[in-house]
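Chain residues, written in single-letter form:
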Amino acid sequence: MNKVVYENDHDLSVINSLTELYNAAKDCARCGLRAGCSGVVFGEGNPEARLMLIGEGPGADEDRLGRPFVGKAGQLLDKILAAIGLERFAHAYIANVVKCRPPGNRAPGPNEADSCLPWLYRQIELVSPRIIVLLGSTALQNLIDPDARITVMRGKWLVSKSGIMIMPTYHPAALLRDTSKKRPVWEDFQQVRDEYLKV
Ligand code: SF4
């Protein structure tokens, strides 16, 4: 198992609840993405979940509804969770690397991700999950290593400095484009289920 670190170079530590953090984030305009979207898609789920899922950023459906993972990829994610006996509102908290929709569904740029990550880091601290699943290369590269490749890292447990177990896997949108990724994702989530059940 590799030791990994994600940096927390911000000062949102004075904010002590997800509601307070949401109220601060909803008016954020730290990067240019805010100008082109409908609003901040903060995150949702059980604020005390043992499992946190982190994706890339809102798409068109998420932007319209103000909720993460509600389009086709989100529906697939719900099915994957159901297959391991979990449900997003009961057992997980879901968020993204960036909280505003990048135009044309492109990946967020490094400056956009850097601007937004303090919100996510504080979400992680407040939820305090035991397990984080990184969905896709944007989450992997921004939280773990900018040079990491999801094809190499998926399916292998990492651990944060504070002891959070981290599983990188493919983003559900990648499964919709390439069905050959279904089996590896299924295997990765079986590992997540086994780890989840240890507590
Ligand atoms: S993407 Fe993040 S940093 Fe950029 S404006 Fe939206 S909330 Fe703020």
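It should be noted that the structure appears before, not after, this text.
Small disclaimer: the values here were computed from a predicted structure and weren't measured.

Let us now look at the overall build of the protein. Scanning the protein for helices and strands turns up 9 helices and 7 strands. Taking 199 residues into account, the globule formula puts the C-alpha radius of gyration at 16 Å, and the protein, at 15 Å, falls close to it. Burial analysis of the protein (199 residues in total) assigns 53% to the buried set. Sequence-distant contacts in the protein: of pairs separated by 6 or more residues, those separated by 24 or more amount to 74%. Accessible surface, the protein: about 9300 Å² in total, of which carbon and sulfur atoms supply 49%. Within the protein, one finds 25 positive and 23 negative side-chain charges whose respective centroids are separated by 5 Å.

It is worth spelling out the site of the ligand at this point. Residues in contact with the ligand, as listed here, are Cys-28, Ala-29, Arg-30, Cys-31, Leu-33, Arg-34, Lys-99, Cys-100, Ser-115 and Cys-116. The pocket occupied by the ligand, as judged from atoms lying within 2 Å of grid points, is the largest cavity. Per-class residue counts for the shell around the ligand are 6 nonpolar, 1 polar and 3 charged.

So, on to empty space enclosed by the protein. Applying the stated criterion across every chain yields a total of 1 cavity of 30 Å³ or more. Taken as a whole, the largest cavity encloses approximately 100 Å³ of empty space. It is helix α5 (residues 110–127) that provides the largest number of residues to the lining of the largest cavity, a total of 3 residues. The residue inventory of the lining of the largest cavity, partitioned by class, reads 8 nonpolar, 1 polar and 3 charged.

Another point: the pattern of salt bridges. Here the structure, examined in full by the defined rule, presents 13 salt bridges. The salt bridge involving Glu-125 is made with Arg-122; its shortest N-O contact spans 2.6 Å. Note that Glu-125 and Arg-122 are positioned in helix α5 at a spacing of 3 residues, about one turn of the helix. Residue Glu-125 is classed as partly exposed on the basis of its relative accessible area of 36%. For Asp-178, the salt bridge identified is with Lys-181, shortest N-O distance 3.0 Å.

Reading guide: rules and limits
- Every chain is numbered independently, its residues counted from 1 as its sequence is written.
- Residue-level local features of this predicted model are given only where pLDDT is at least 70; pairs of side-chain atoms are given and counted only at 80 or more, and the full residue set underlies all totals for whole chains, interfaces and linings.
- Hydrogens and water molecules were not included; the side-chain quantities draw on all heavy atoms of the structure.
- In DSSP terms, a helix is any run of H or I states spanning at least four residues, a strand is any run of E spanning at least two, and both are numbered starting from the N terminus.
- Only C-alpha atoms enter the radius of gyration, while the globule expectation follows 2.2 Å times N to the 0.38, with N the number of residues.
- Note on exposure labels: buried denotes an accessible area under 20% of the residue type's maximum, exposed denotes more than 50%, and partly exposed covers the range between, all computed with a 1.4 Å probe on protein chains only.
- Pairs of residues are marked as contacts when any of their non-hydrogen atoms sit within 4.5 Å.
- To measure how exposed things are, a 1.4 Å probe is used in the Shrake-Rupley method; for residues, cover is taken only from the protein chains shown.
- Only four residue types enter the charge count, namely Lys and Arg as positive and Asp and Glu as negative; His and the chain termini do not.
- Where a charge lies is defined by one atom per residue type: Lys uses NZ, Arg uses CZ, Asp uses CG and Glu uses CD.
- Being near a molecule or strand, for a residue, means having at least one of its heavy atoms within 4 Å of it.
- Residues are said to line a cavity or pocket when one of their atoms sits within 4 Å of a point; the points come from a 1 Å grid over protein atoms alone, cavities being sets where a 1.4 Å probe fits but cannot get out and pockets being open sets with protein on both sides within 12 Å along at least five of seven lines.
- Think of it this way: if more than half of a molecule's atoms are within 2 Å of a pocket's grid points, that molecule is in the pocket or cavity.
- Three classes are used, and their members are as follows: Ala, Val, Leu, Ile, Met, Phe, Trp, Tyr, Cys and Pro are nonpolar, Asp, Glu, Lys and Arg are charged, and the others, Gly among them, are polar.
- Grid points are joined across faces, edges and corners, and a volume is the space filled by probe spheres set on the points.
- Basic side-chain nitrogens of Lys or Arg form a salt bridge, by our definition, when they fall within 4 Å of a carboxyl oxygen of Asp or Glu.

All we've got here are geometric facts, nothing functional implied.
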